[in-house]
Amino acid sequence: MFNVPPSDDRNIQQLWSTLAEQNSLDMVVCAAAAQRRGILDQKEADRHGKPAANIAPHFTISGLGQLIEAAVVSDRLVVFGG
Amino acid sequence: MSSSKSFICINRKAPYGTIYALEALEVVLIAGAFEQQVTLIFMDDGVYQLTRNQNPAGIGMKNFSKTFGALGDYDIDQIFVDEESLHLRGLKASDLQLLTHETTAGEERVSIKVVSRNELGDIIESADILLNF
């Protein structure tokens, strides 16, 4: 949550957090991927002895099993990214 | 998990240089552990993931391609490689790892199949869920 885009640019992370809050959405981050990129919630920060958590509001950290389960129970899985 | 769907994971990126190849494999292994039906496709630079004799020690990475050998144990035995991608990179099927799986009859079969773009289109159409890395 420590991203600081220029004031004339959109704040994508903020847009996601707002979208999730307004629509009661789950936004799940893979634990291993998050750790690789330096994104931690309080529990992970404590566990790894890091000075602070930095995950944005409304994002939660979980495991890949949630991705698989979500794919299985959903009507459609849409994947973005190059 | 009570039900299963057919997953296809399309790998387009080289094994090292970005983390996507490794993370794709992590997703695939979890799907296999959750007893989902998983098919793999390797195309574009993704075909390099399957080459033999990888040695990334010089960039501080471990050779994770060895893990592909375990795919058969998770019943991940449909591995398709795009023929055109190999050809454009000067690769042949013999440059790729020999990945095998055991059939229910106890026979050992090769898991990798080199296919054309047209065949890939049919394979992709047959899956419930597409993951693209």
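As a starting point, this report considers the structure included with it.

Reading guide: rules and limits
- Residues numbered from 1 in each chain as written.
- Chains lettered and ligands numbered in written order.
- Predicted model: local features only at pLDDT ≥ 70, side-chain atom pairs only at ≥ 80, totals over all residues.
- Helix = DSSP H or I, 4+ residues; strand = E, 2+ residues; numbered from the N terminus.
- Contact = placed C-beta atoms within 7 Å.
- Nonpolar A, V, L, I, M, F, W, Y, C, P; charged D, E, K, R; others polar.
- Pairing = 2+ DSSP bridges.
- Axes fitted to C-alpha atoms, helices over the stretch in contact; angles between N-to-C directions.
- Expected span 1.5 Å × (residues − 1).
- Core = buried A, V, L, I, M, F, W, Y, C linked by C-beta atoms within 7 Å.
- Buried ≥ 20, exposed ≤ 12 C-beta atoms within 10 Å, placed from the backbone.
- Left-handed = near helix turned anticlockwise from the far one by under 90°.
- Arc of directions from axis to C-beta.

Below, the discussion takes up the overall build of chain A. Summing up its helical and strand segments, chain A has four helices and two strands in all. Reading the helices (α) and strands (β) of chain A from amino to carboxyl end gives α-β-α-α-β-α. A principal-axis box enclosing the C-alpha atoms of chain A has dimensions of 40 × 35 × 30 Å. Taking all contacts inside chain A whose residues are at least 6 apart in sequence as the whole, residues at least 24 apart take part in 51%.

Let's shift gears to the environment of A31 of chain B. Considering the arrangement of structural elements, one finds A31 of chain B in helix α1 (residues 20–33). Taking C-alpha positions, A31 of chain B is 19 Å from E102 of chain B, a pair spaced 71 residues apart along the chain. In this structure, A31 of chain B is in contact with I68 of chain A together with F7, Q36 and V38 of chain B, ignoring residues within four places of it in sequence.

Let us look at the interface of chain A and chain B. Note: interface size is frequently given as the accessible area lost on complex formation between the parts. Taken residue by residue, the interface counts 12 residues in chain A and 16 residues in chain B. Elements with a contribution of two residues or more to the side of chain A that touches chain B: α2 (31–36) and α4 (64–73) of chain A. It is α4 of chain A that contributes the most residues to the side of chain A that touches chain B, seven residues altogether. Among the residues forming the side of chain A that touches chain B, the class breakdown is nine nonpolar, one polar and two charged.

A few words now on the sheet that holds strand β7 (residues 129–132) of chain B. Residue and element names in this part refer to chain B. Pairing within the open sheet is parallel, and its five strands lie in the order β6-β3-β2-β1-β7. Two strands bound the open sheet, and with one partner strand each, they are β6 (112–115) and β7. Across this sheet, the average inter-strand angle for adjacent strands is 25°, counted without regard to direction. Relative to strand β2 (residues 37–42), strand β1 (residues 6–11) runs parallel, the two sharing six bridges. Bridge pairing links I10 to I41 in β2. Sitting on the sheet, helix α3 (residues 117–125) touches β1, β2, β3 (78–82), β6 and β7, and the angle it makes with β3 is about 140°.

Before going further, it helps to spend a moment on α1 of chain B. For α1 of chain B, with 14 residues, the first-to-last C-alpha span of 20 Å sits near the 20 Å given by 1.5 Å per residue. Structurally, α1 of chain B contributes buried residues whose contacts are with α4 of chain A together with β1, β2 and β7 of chain B.

Time to look at the nonpolar core. Residue and element names in this part refer to chain B. Core analysis: the biggest nonpolar cluster contains 34 residues, and C9, V28, L40 and V81 have the highest contact counts within it. Here this core takes seven residues from α1, the largest share from any one element. Those residues in contact with V28 that sit more than four places away from it in its chain are C9, V38, L40 and I76.

This brings us to the packing of α4 of chain A against α1 of chain B. Their axes nearest at 9 Å, the elements α4 of chain A and α1 of chain B cross at an angle of 65°. By crossing handedness, the relation of α4 of chain A to α1 of chain B is classed as right-handed. Where α4 of chain A approaches α1 of chain B, its residues L64, G65, L67 and I68 of chain A are matched on the opposing element by E26, V27, I30 and A31 of chain B. Its residues placed into classes, the contact of α4 of chain A with α1 of chain B shows six nonpolar, one polar and one charged.

Let's shift gears to α4 of chain A. Within α4 of chain A the residues assigned to the buried category are L64, I68 and A71 of chain A. The buried residues of α4 of chain A occupy one face: seen down the axis, they fall within an arc of 65°. Exposed side chains of α4 of chain A directed beyond 90 degrees from the buried face belong to A70 and V73 of chain A. For α4 of chain A, the elements touching its buried residues are β1 (27–30) of chain A together with α1 and β7 of chain B.

In this section: the pairing of β3 of chain B. All names here are of chain B. Judged by how many residues are buried, β3 sits mostly within the fold: four of five residues are covered. Two elements, β2 and β3, share four bridges in a ladder whose sense is parallel. Looking at β3, one finds that I41 is bridged to F80. Relative to β6, β3 is paired through four bridges, and the arrangement is parallel. Bridged to I79 within β6 is I112.

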